[in-house]
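# Summary of the model geometry
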Amino acid sequence: MHEFQCEIEIASTAERLWSILTDLPAYPAWNPFIRSISGHIAKGQRLAVSIQPAGGKAMSFRPTILLAAPNSELRWLGHFIVPGIFDGEHYFKIAAIGPGQVRFTQGERFSGLLVGMLKASLDRGTKAAFVAMNAALKARAEGI
């Protein structure tokens, strides 16, 4: 197993951040990592997601939502080919840290047979993509 996460403080309310994260059709306009996403945000639903880490190849997958707690957390589980080969449990967490101030955390827990071989690539490309997405989310939420 391999896991990493990136955090950023954003001058926003949890409600505003949640509304941006769940406005799936708007992702291509602001998100440099998740280039498209569609589906219904509810536990057990499947999404259609297309990602492209900086300098990496585009990849599409259909994760299942594990948790959709409004204004708090969105979590999904995706698989490459079949479960157990390369699985990723991706999460977005929103925590109020003061009036009009939140901490946004994006992370992923990777497991499966291919994780060891892909660890360096994940640490380099995917983690950088998380940082870029977090910065873009901050800019969108703060109206920059």
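Just above, that's the structure.
Let me sum up the structure you'll find in this document. (Residues numbered from 1 in each chain as written. Predicted model: local features only at pLDDT ≥ 70, side-chain atom pairs only at ≥ 80, totals over all residues. Heavy atoms only, no water.)

### Focus on the pattern of salt bridges
- This structure, assessed with the given rule, holds 6 salt bridges.
- Across the salt bridge formed by Arg75 and Glu89, the nearest N and O atoms sit 2.7 Å from each other. With Arg75 in strand β6 (residues 73-79) and Glu89 in strand β7 (residues 87-98), this residue pair connects regions lying 14 residues apart in the sequence.
- In this structure Glu89 comes out as buried when scored by relative accessible area, which is 18%. (Salt bridge = Lys/Arg side-chain N within 4 Å of Asp/Glu carboxyl O. Helix = DSSP H or I, 4+ residues; strand = E, 2+ residues; numbered from the N terminus. Buried < 20%, exposed > 50% of the residue type's maximum accessible area, 1.4 Å probe, protein only.)

### Looking at a nonpolar patch on the surface
- A cluster of nonpolar side chains, contributed by Phe80, Ile81 and Val82, occupies part of the molecular surface with about 300 Å² of accessible area.
- Structurally, Ile81 can be placed in the loop between β6 and β7. (Patch = residues over 30% accessible without salt bridge, like charges linked within 9 Å, V, L, I, M, F, W, Y side chains within 5 Å. Areas by Shrake-Rupley, 256 points an atom, 1.4 Å probe, with all protein chains shown as cover.)

### Focus on the packing of aromatic side chains
- Per the stated rule, a full pass over the model turns up 7 aromatic pairs.
- Ring geometry for Tyr27 and Trp30: centres 5.2 Å apart, planes at 55°, overall tilted. Pair noted here: Tyr27 and Trp30 are both in helix α2 (residues 27-30), with a separation of 3 residues, about one helical turn. Each member of the pair, Tyr27 together with Trp30, is buried.
- Each member of the aromatic cluster is reached from another via a ring pair, and the members are Phe4, Phe33, Phe86, Phe110 and Phe130. (Phe/Tyr/Trp six-rings, centres within 6.5 Å; stacked < 30°, edge-to-face > 60°.)

### Notes on the sheet that holds strand β8 (residues 101-111)
- Strand order in the open sheet made by the 5 strands is β1-β8-β7-β6-β5, with antiparallel pairing throughout. Looking along the sheet, the strands with just one partner apiece sit at the ends: β1 (2-10) and β5 (64-69). Between one strand and the next, the sheet's axes are offset by a mean angle of 10°, whatever the strand orientation.
- Pairing analysis gives 9 bridges linking β1 to β8, with the strands arranged antiparallel. What sits directly across from Cys6, in β8, is Gln106.
- Docked against the sheet, helix α1 (residues 14-21) engages β1, β5, β6, β7 and β8, running at close to 155° with respect to β7. (Pairing = 2+ DSSP bridges. Axes fitted to C-alpha atoms, helices over the stretch in contact; angles between N-to-C directions. Contact = heavy atoms within 4.5 Å.)

### Description of the pairing of β6
- β6 sits mainly inside the fold: 5 of its 7 residues count as buried.
- Across 5 bridges, β5 lies against β6 in antiparallel orientation. From the neighbouring strand, Ala68 faces β6, where its bridge partner is Leu74.
- Connecting the antiparallel pair β5 and β6 is a turn made up of 3 residues, with Asn71 showing a positive phi of about 65°.
- Where β6 and β7 come together, 7 bridges link them in antiparallel fashion. Bridge pairing in β7 places Trp76 opposite His90.

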